[in-house]
Number of protein chains: 2
Amino acid sequence: MTTPARSRQRGPYARSAERREAIAAAVLEIVVEKGHRGVTTAEVAERAGAREPTVLYHFPSKDHLLVAALRRSDEEQAEADDGGDSDAGLPERLRAFADSVTRRAGVLRLYAALAGEATTPGHPAQEYFAQRYAATVARHARMIERRQEAGLAPPGLDPVQVARQFLATWDGLQLQWLADPSFDLGEVLVAAFRRLTGEDRREARASLTETES
Amino acid sequence: MTTPARSRQRGPYARSAERREAIAAAVLEIVVEKGHRGVTTAEVAERAGAREPTVLYHFPSKDHLLVAALRRSDEEQAEADDGGDSDAGLPERLRAFADSVTRRAGVLRLYAALAGEATTPGHPAQEYFAQRYAATVARHARMIERRQEAGLAPPGLDPVQVARQFLATWDGLQLQWLADPSFDLGEVLVAAFRRLTGEDRREARASLTETES
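Since the model is a prediction, treat every value here as computed from it, not as a measurement.

S.K.: Quick question: what am I supposed to make of the domain arrangement of chain A here?
M.R.: Size of an interface, as often reported, equals the accessible area lost when the parts are brought together. Residues and elements named next belong to chain A. Split by domain assignment, chain A resolves into domain 1 (1–80) and domain 2 (84–213). In this assembly, domain 1 packs against domain 2 so that about 1,400 Å² is buried in total across both faces, 67% of it on carbon and sulfur atoms. Per-residue buried area on domain 1 facing domain 2 is highest for His36, Leu70 and Gln77; these three make up 35% of the total on that side. Applying the counting criterion to the domain 1 and domain 2 interface returns two salt bridges.

S.K.: Just to check I follow, could you spell out helix H8 (residues 159–179) of chain A for this structure?
M.R.: Residues lying three or four places apart along an α-helix face the same way, a consequence of the helix completing one turn every 3.6 residues. Residue and element names in this part refer to chain A. Over its 21 residues, H8 extends 30 Å from the first C-alpha to the last, a length consistent with the 30 Å expected when each residue adds 1.5 Å. Within H8, 19 of the 21 residues are buried, which leaves the element mostly enclosed by the surrounding structure. The N-cap of H8, judged by a side-chain oxygen 3.1 Å from the amide nitrogen of Val160 a few residues on, is Asp158.

S.K.: Could you clarify how one ought to interpret empty space enclosed by the protein in this entry?
M.R.: One water molecule sets the probe size; rolling that probe over the atoms shows where empty space is left. Throughout the structure, instances matching the rule amount to two cavities of 30 Å³ or more. As for the largest cavity, its lining consists of 16 residues, and the residues nearest its centre are Leu175(A), Ala112(B), Ala115(B), Asp171(B) and Leu175(B). Broken down by secondary-structure element, the contributors of at least two residues to the lining of the largest cavity are helix H6 (105–117) and H8 of chain A together with helix H6 (105–117) and helix H8 (159–179) of chain B. Class assignment of the residues belonging to the lining of the largest cavity gives a composition of ten nonpolar, four polar and two charged. Of the volumes computed, that of the second largest cavity is approximately 40 Å³. As for the second largest cavity, its lining consists of Leu175(A), Ala179(A), Ala115(B), Ala118(B), Thr119(B), Gln126(B), Phe129(B) and Tyr133(B).

S.K.: What's the story with the nonpolar core in this structure? I'm lost.
M.R.: In terms of nonpolar packing, the biggest core is built from 121 residues, with Val27(A), Val44(A), Phe129(A), Val27(B), Val44(B) and Phe129(B) touching the most fellow members. Not counting residues up to four positions away in its chain, the partners in contact with Phe129(A) are Leu70(A), Tyr111(A), Leu114(A), Ala115(A) and Ala118(A).

S.K.: Looking at this model, I keep getting lost on the packing of aromatic side chains. Mind explaining?
M.R.: Where two aromatic rings form a pair, the distance of their centres and the angle of their planes describe that pair. A complete count under the given rule lists ten aromatic pairs over all chains for this structure. Here Tyr128(A) and Phe129(A) contribute two aromatic rings whose centre-to-centre distance is 4.9 Å and whose plane-to-plane angle is 85°, an arrangement assigned as edge-to-face. Overall, the relative accessible area of 2% leaves Phe129(A) in the buried class. By way of ring pairs, the aromatic residues Tyr111(A), Tyr128(A), Phe129(A) and Tyr133(A) are connected into one cluster. Sitting over the face of the ring of Phe183(B), Arg164(A) holds its NZ or CZ atom 3.8 Å from the ring centroid.

S.K.: Where do I start with the confidence of the model for chain A in this structure?
M.R.: Detail in the predicted coordinates should be disregarded across regions flagged by low pLDDT. The share of residues in chain A with pLDDT of 70 or more is 86%, and the mean pLDDT across the chain is 87. Listed scores for the predicted complex are pTM 0.86 and ipTM 0.86.

S.K.: Explanation requested: the relation of the copies chain A and chain B in the structure shown.
M.R.: The two chain copies are connected by a rotation around an axis plus a translation along it. Once turned by 180° and shifted 0.0 Å along the axis, chain A lies on chain B with an RMSD of 0.0 Å. Expressed as an axis order, the relation between the two copies is that of a two-fold axis. An overlap of 100% is found between the interface residues of chain A and their copies at the interface of chain B, pointing to a shared contact surface.

S.K.: Which parts of the structure should I look at to understand the packing of helix H1 (residues 12–34) of chain B against helix H4 (residues 62–80) of chain B?
M.R.: Each packed pair of helices is defined by two parameters, the angle between the axes and the distance between the axes. Residue and element names in this part refer to chain B. Where H1 contacts H4, the axes come no closer than 8 Å and their chain directions differ by 90°. Taken together, the axes of H1 and H4 lie roughly perpendicular to each other. The residues of H4 that touch H1, namely those facing Glu21, Ile23, Ala24, Ala25, Val27, Leu28 and Val31, are Leu65, Leu66, Ala68, Ala69, Arg72, Ser73, Glu75 and Glu76. When its residues are assigned to classes, the contact of H1 with H4 shows ten nonpolar, one polar and four charged.

Conventions we followed
- Per chain, residues are indexed from 1 in the order of the written sequence.
- Going through the entries in the order they are written, you letter the chains from A and number the ligands from 1.
- With the structure being a predicted model, the display of local features is reserved for residues of pLDDT at least 70 and the display and counting of side-chain atom pairs for 80 or more, all residues being used for whole-chain, interface and lining totals.
- Side-chain metrics rest on all non-hydrogen atoms present in the structure, leaving aside hydrogens and water.
- How far each domain reaches was decided by an automatic or database domain assignment.
- As a working definition, buried area equals the accessible area (1.4 Å probe) given up by two parts on being put together, with both sides summed.
- Take a side-chain nitrogen of Lys or Arg and a carboxyl oxygen of Asp or Glu: if they are within 4 Å of each other, that pair is a salt bridge.
- A run of H or I in DSSP counts as a helix once it spans at least four residues, and a run of E counts as a strand once it spans at least two, with each numbered from the N terminus.
- Each residue after the first adds 1.5 Å to the expected span of a helix.
- We call a residue buried when its accessible area falls under 20% of the maximum for its residue type, exposed when it is over 50%, and partly exposed in between, using a 1.4 Å probe and counting protein chains only.
- Pairing of N or O atoms within 3.5 Å defines a polar contact, subject to two protein rules: one partner must be a possible hydrogen donor and the other a possible acceptor, and residues neighboring in sequence count only if both atoms are side-chain atoms.
- Grid points spaced at 1 Å and placed over the protein atoms alone form the basis of the search, with a cavity being a set where a 1.4 Å probe fits but cannot get out and a pocket an open set showing protein on both sides within 12 Å along at least five of seven lines. Lining residues have an atom within 4 Å of a point.
- Grid points are joined across faces, edges and corners, and a volume is the space filled by probe spheres set on the points.
- Gly is placed with the polar residues, together with every amino acid not listed as nonpolar (Ala, Val, Leu, Ile, Met, Phe, Trp, Tyr, Cys and Pro) or charged (Asp, Glu, Lys and Arg).
- Nonpolar core, defined: a set of buried Ala, Val, Leu, Ile, Met, Phe, Trp, Tyr and Cys residues in which side-chain atoms within 4.5 Å join the residues together.
- A contact between two residues is defined here by any heavy atoms of the two lying within 4.5 Å.
- Note on aromatic contacts: the rings of Phe and Tyr and the six-membered ring of Trp form a pair at centre separations within 6.5 Å, being stacked when their planes are under 30 degrees apart, edge-to-face when over 60 apart, and tilted otherwise.
- The rule for a charge over a ring is simple: NZ of Lys or CZ of Arg within 6 Å of the ring centre, and within 35 degrees of the ring normal.
- Every residue carries a pLDDT, the predictor's confidence in it, which falls somewhere between 0 and 100.
- Each copy is superposed on the other by least squares, with the fit set by C-alpha atoms of residues at a pLDDT of at least 70 in both.
- Each axis is a line fitted through C-alpha atoms, and for a helix only the stretch in contact is used; angles between axes span 0 to 180 degrees, taken between their N-to-C directions.
- Angles below 35 degrees are treated as roughly parallel, those above 145 as roughly antiparallel, those between 65 and 115 as roughly perpendicular, and all remaining angles as oblique.

Structure below.
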């Protein structure tokens, strides 16, 4: 199977996908500007250049609209963090990432609110979060494996367990930061990453060796 | 000032406090049985032996009722974990605690849902979570300091930073576990605690010393 050329995709399916994209972008825009409690179908329709029934046809409830905004935000972040599988300067990249998300507190609040609600079986965001956790844990585990192979992380670590712990720290620190932004989210996050992956030891050993030599 | 004898407290204030306690206990009971989405003022009133207007007088909204259930659950856990400031067998106690909370998934879901919603300014649970995070970080920081004094944790750690990281791991792992309970929450939590506090190194060094001697 070959990927069809872009011009051949513009049938009804492509138009529908474009409309969904425009709606998701409109929701995300409102979340960033006003927070997720300010999202109304009427304003989404207006910003996306669609009619309200069209919005409701694609996304039957406000929760479905909000999940679409989160997916859109994930895609934007993945694009911004392109080359994110290269491991050079990882702590610096983590730090820059933390700094960038704290400038979008509306998206963090939406993520936190839906992550909590989605733990109730049957919630429209349940599948999104189950998939997101699984994909994020798998991605982090591969990253830790590569760092083990490169001698940057200790060989004895369980990559999946550490990946879970790191994702958890990230989600939990966001909650604390939103409740009280008096601490440096990026700094605490990077320090947790170093400790959980054992990389702070390697640095301690390296600086010890330097001192000794 | 002396603490008044219990019999002297039974004025209108004490009766009001008792009524609030009975209502909070009824809400928690429903959360454990049916989940927080199943909480109705009518059933709370019936279980607490009160009239609905009385319930609404003490707790003006469903969110206020749910916060009362979380506070009640915190108190029960604090009582069950009495002697929690002693540090003997801490990993085992953590593990037992994780096992006990996973038997009350309804309470975990309520905690996760309100923690997320409470990040939106003005939410009735905002103050509860801000206080809870601050108190938990302070308590964990003191525990880490004591472990440093006892030579169980490395002296170079920043107790407040590690306390934040540990609380975050705990909150985040609950979210992952509720989305997919296929991993052992207690095991991953205890391993994170050991890594974040550097206690796994101490054990590694100790076993190295044993091997060498």
